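What the coordinates show
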Amino acid sequence: MFIFPELNPLEEIALIIGIILTLIGVFCDIVGSIGMVRFPNFFVRLHAATVGTIGGAVYPLFGITLMSLALNYLGVMRYFIATGAFLTAIAIVLTAPVGSHALARAAHRSKTVPVEPKVCDFLKEDERLIEE
Amino acid sequence: MALENFISTFIVVLLPAFLISLSLYAIRVIKGPSVTDMVLAIDCITYDLCFLMGLLSILFKIGFLMVAALALALWAYVLDVYVAKYLEAREVGD
Amino acid sequence: MEIYPPLPPIMIHSLALAPVTAIVSAFAMPLIGLTIKNRKVWDAFALTISTIVFILTGIGYATVRYLGKPFVYLLGGWPPPVGIVYEVDEFAALLGLVSAFIIWLVVIYGVKYFDSNEDGMEWYYTMLLGLEAGVLGCIYTGDVFNVFVLFEVLSITSYGLVAFWNRRGECIEAAIKYSLIGALATTIYFLAVTFIYASLGTLNMADIAAKIRGLFFPVTGEPYGSIALGVGLFLALSIWAFTVEAGVAPNHFRVLDAYQVSPSTVAALLSAVAANVGFYLLARYLITLLSGARAVETIVNAGLLIVLIMGLVSIIVGSFLMIVQSDVNRILAYSSVLNYGYVCLAIGLATPLGIIAALFHMINHAVAKTLIFLTAGVYVKASGTRRLDGMEGVGRYAPITSALMVIAALALAGVPPFNGFVSKLILYEALLEVNLAPLVIIIVLSSALSLLGYLKIIYHAYTKPPMKDYGKVEPPKAMLWPMIILAALCIILGVASPWIYDMFIEPAAHTIFETDKFIEVAYEFAEKLLIGVRI
Amino acid sequence: MVISKVRPRSEIIIGLGVALLLVLTLFAVIAGATGFTPKEDIRPLAKFYLYYAINWYEKKFWAASPEAVNSMVWDYRGYDTLYETSVFFLAIIGAIAVFRIPGVKDVFSKGILSGRGLSLIVKTITKLVIAFVLIVSIAIAVHGNLTPGGGFQAGSAISIATLLAIAAFSRIFLEERKITTKLMLPIRVLGVLGIGLLALGPALIALSGIMSFVIQNQPKPWADWGFIPGVGPFWLSGNQFFYNFFEFVAVGAGFTVIYLIFSIPELIYKRVLKK
Amino acid sequence: MTSIVSQALWIYFYITLIGLIAIAVYGIVVRPNLLKKIIALSILGDTANTFIIFLGFRRGGAAVPIIPTIKPTLEELLWFKETAVDPLPQCLVITAIVINMSVTAFLIALAIQLYRLYGTLDVRKAVRLRG
Amino acid sequence: MGVLERTLKIVAVAVMLFAVFIIASASVAPQDIIYGIIFSIAVAVVVSELLIAKHTKPYDIKRWFWTIAYTFYYFIVAEYKAHSDVIMRILHPKMPIKPGIVRVPFHVNTDYAIVTIANSITNTPGTVVVDLDTKRKYFYVHWINVKAPDEKTTFENISKMFEYFAKRIFD
Amino acid sequence: MIEATLIAEILLAFSLTLALIFAYLAIRERDLIKAIVFSALQSVAFAYAYYLLFAPDIVLAYIAVGVGIYSILLIYGVSKTERYEEV
């Protein structure tokens, strides 16, 4: 209504939010990938990867949900896109942190990756206490 | 038609950014000194591709293509868990 | 709409029912194995199913004979270029009948061959029934992609059967070799199918044959791109795949180990039945589908020449390496390679007489090789080793088996009046017909050499004094009867050969050259059923 | 571990030669056979399938499914799929036959495996993911004849559940819930048996005189017998829904069997094979 | 302009696929480790599958071979026929994927069993069968 | 275990599964609704014991309110803060990082609460849960910028707000 | 207006290049776990190529098989045998 005469106000708001979230996503993707390359150690790269997954995939997928719901020229297809993107976003929110955690724990336990550089490593000190 | 054009242009303009970030992740997969690094980068690539799949389904106007993203995300998680399991325990069924 | 002449329904459906029955009962077999822990029930089930399938293939053969032209079965009710069809001519029907017959005998033999405490028999029967379905499906089908799928059914069951004795390292090693190369071959065949679809836009065999000859089926339209290159690649890749699958000379290594270590029944099946599928498909593709077409003439001639040369190499390799072996199954494996060489040579000639020789030799080899593997299995089981110096004199404790083995050896070596002689004679004629007399000498020489190899087994197993008391070696009746039937067939096929030649072999072999009929039958269906299709 | 740096030179040459030969032949042939031009059009045979898959105006050729791929997989070329399923089935049987040990019961990992699994976080989320995956894969399976997906896709998706359970909780978790090869193999067999009987059924009916063919779906002018395309609100596409469902059950159970036999602890084999 | 670019791209696709086949064949023939051979075999199968899907592609506003309604009108069907990609290769590829997966699973089982019996996966050391 | 408890659990799980089913099938045709009801109940019977420990919790409206509040807080405030911090560190030419693994205590009891806190920590860039000790109630968190290794600082900086919400949602 | 197919082709070129690189690395790598991970990424690239070729059915089947099941069965295989290939 404001910019696009085809849309009603609600759709337009959804579209704009979706576009903003998509832009955030692309930005986070690039930053995350730069971080992946720049950071010196696996444990530090985990943080860059989080930027790439949460900012770079979950937010934009929510954005795509809103955006596709607003785009009425897609016809019935927009529901498929919206639901697919929504479910994927939920799945990523649930699984991405667990994947990172599992990898980090495995890397620490198998001692394949040194925690370097570090300020402190309490896990190494408490290692024997955690063994169930 | 103006809306469709706008959205298509918007998506097309974003694509080079994806190519850059995917390439950088791929570099990490190639370089990654340890297996965990590589798997982490693969995670990022798959989640990134999920996002790209969403944008492209809007660009191609085909909703049926979106189902793939969910499967990709879930299987990437399974791969994570299995690599972690391999590194932690010698026996996978443990 | 009536599309078939008025026949009883069983005659129309028998050809399709045979492989489907086999595979559905293979599905049911593990359930029976898990619920009823009684080996006798499993034996009975497998025996019943293989008998039913044998009868169905017999009815199918009768149908094809009765109609006098290739029989087209519409799977799923879809006419030729659209769906998958079975297009069975007499050649295929006869080969299917022989395969089903041999599998039936092997199943009977296997009941007593495997000890009562042998574990995993339910899996053995499952894979055996799967193998039967694969063989019959491969032979009957009229669709190049369906060949790939059934080829995989055939190969995966044969891998499983080779690895049946899973706690013997040599079995697993042989299975690994067998399956790696086999998987490579089937993937290559899939690529071949890709190219045929790329250049011709169809997967139906009759349609392919028609398109190469400039005829058009409804629906599929005109070919794309250059036919010669597409078909050439298809031919090259599929010849490679089929010869690997069959085990012809440059690619024969994988079959040697497999035949050497696997149970005798499995070795007999692989050597006598599974390899024939490869030869059948070679003949079908090279001759029915492709030869005689102007567009691909040179390519097909080159393909035939390659097959012929492979056959020759196979004969030489097989006959020379056969006599230096000291392991009974290994000797028989090389003998298989040798006989594959004869068949390949005969197919490579691509004359009517050559195909007759090929078909007759395929059948003769199937019968005689099954027999010799089964008799050797008795020796191996009694002496507990496959080495010749470990089974000295074992034959004296089993006079009937030894007699049967002598018959099989003579038949394989081509001594009159047994069946091997007749097919070799036809092969000589076929070679002389195309002025390839030097090859006749090679064949005669190789036969003589191979006779040495068989005599080596008989010498060690019968003539030498026994090393120890083997006890009761003579097998029970359930094992003996299949062997006696096969031996009788060896003699009948030799003695009554003029009649058999006229009645069965010659008309069957003739159908493989009847490309026009092959196309026409399918085309009639396509034209009749696809009226009003808008593309 | 000693790793010799020396590689036989001949092997490299052979490998490279084979590779080069393949590259050159294939390149030449593709250049001629398919041409490098991307096509604006597809082959007429494909147009037939696209046009007639759910054509209400000419039901003579239809498969009653809006998804052309699924109607090809289970109707036009259904015979392939029957055997594709059987290849998978026979591969599982082969794997079981290769891994079998006589005299050892199906459940045997207690005492050998610790049953510890991964950390609490992984376990808890895995529970949620299992529920999520179960329902989503059922959704894929029942919409197999309407939207992308089908029996195999859904069956392989549901196998995520078993896989995650084995890794996150350990094999014992499944054994406590009676999910063993002893249970899953019959389910697997019942699934493929359902497919087989659906395929064989029309031909058995045909033996009584009504014309129909193996794996026939919709009635045709030259073959009267067929399945009904839908009941009330349910659009079944003839037998395609049932095929998808049986395939879903069969593939899901089949993958479970594979994972179960692959996760048998190695110690047992070492013990038995030592003897 | 567009057609030249896409022509170049298609040449590139075919070269890439052939390169993949070459790599896979190299892996199967040369690498000694059995699991490595199996990986190479799976790559070969996937590449063959990709080959045949490329054949069914169509340029210019293509669509998936799925129609979103159960009761399409005749116009929709005609439009569908003129835009969707070729479903036949897709059907073949689904079949081929399942088959390759089954064979690979079985091969891995065999390799594991070979290791249990021989203690090695190296094909040069695992050769004990000789004539 | 009473029948009522079990039924309540199944119903709670089935409703959620039904929602997922409808979303996954992207359609509300009668066919999908019937399928959804049948299959979500069927799956719920299988998994409800696994998912829900206490039957009353899913029916507590207050918890759902807190869930929604937490979602908004988390996705808008917490993620924004963490992202901007880490993005600054990535793009800064000198990469000012001070990584280390620290102990973060937690004071919740149920599995879901622990996992919510852990996942919230991992999902915010800058902190990753490497391991956890359920007996001594510690997370071992890899922190990109270790301000101070003592427990009070880490708790304040990393997980205070998450725990505040997690306690109200799940405990 | 930019043609959608051209974009699909450019992305196809990218994903096939990725597939080529990672297939090569998977074959060359001596550490089998790394080889499996490379081959999984190659599968992801192929799956994306199938997506761009408008084949959602295949994408669903192939992701499951290529990314998941191949890798996981191979991980089972490696964990039951040995990790390093001797060259």
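Residues numbered from 1 in each chain as written. Chains lettered and ligands numbered in written order. Predicted model: local features only at pLDDT ≥ 70, side-chain atom pairs only at ≥ 80, totals over all residues. Heavy atoms only, no water.

Side note on the overall build of chain C
Looking only at helices and strands, chain C features 19 helices and two strands. A compact globule built from 535 residues would reach a C-alpha radius of gyration of about 24 Å, and chain C, at 23 Å, matches this within 12%. In terms of its C-alpha atoms, chain C occupies a principal-axis envelope of roughly 80 × 60 × 45 Å. Within the span of chain C, comprising 535 residues, buried residues form 70% of the whole. A separation of at least 24 residues holds for 81% of the contacts in chain C among residues at least 6 apart in sequence. A total of about 14800 Å² of accessible surface is found on chain C, and carbon and sulfur atoms cover 68% of it. (Helix = DSSP H or I, 4+ residues; strand = E, 2+ residues; numbered from the N terminus. Rg over C-alpha atoms; globule rule 2.2 N^0.38 Å. Buried < 20%, exposed > 50% of the residue type's maximum accessible area, 1.4 Å probe, protein only. Contact = heavy atoms within 4.5 Å. Areas by Shrake-Rupley, 256 points an atom, 1.4 Å probe, with all protein chains shown as cover.)

Concerning the interface of chain D and chain C
In this assembly, 67 residues from chain D lie in contact with 74 residues from chain C. In terms of surface lost to chain C, no three residues of chain D exceed R43, R100 and W222 of chain D, which account for 12% of the buried area on that side. For the pair chain D and chain C, the interface holds two salt bridges. Here D119 of chain C and R100 of chain D are joined by a salt bridge, their closest N and O atoms 2.6 Å apart. If you look at where chain D meets chain C, you find 18 residue pairs in polar contact (both at pLDDT 80 or more). Considered class by class, the residues forming the side of chain D that touches chain C number 47 nonpolar, eight polar and 12 charged. (Buried area = accessible area lost by both parts, 1.4 Å probe. Salt bridge = Lys/Arg side-chain N within 4 Å of Asp/Glu carboxyl O. Polar contact = N/O pair within 3.5 Å; in protein donor to acceptor, adjacent residues only side chain to side chain. Nonpolar A, V, L, I, M, F, W, Y, C, P; charged D, E, K, R; others polar.)

Overview of the nonpolar core
Of all hydrophobic cores here, the largest spans 616 residues; its most connected members are W75 of chain B, F279 of chain C together with F139 of chain F. Looking at which domains feed residues into this core, each of domain 1 (3-58) and domain 2 (62-170) of chain F gives three or more. Once residues within four sequence positions are removed from consideration, F139 of chain F is found in contact with V102, R103, V104, F106, I114, I117, A118, I121, V129, D131 and L132 of chain F. (Core = buried A, V, L, I, M, F, W, Y, C linked by side-chain atoms within 4.5 Å. Domains from an automatic or database assignment.)

A closer look at the domain arrangement of chain F
Here chain F is partitioned into domain 1 (3-58) and domain 2 (62-170). Relative to domain 2 of chain F, the C-alpha centre of domain 1 of chain F lies at a distance of 31 Å.

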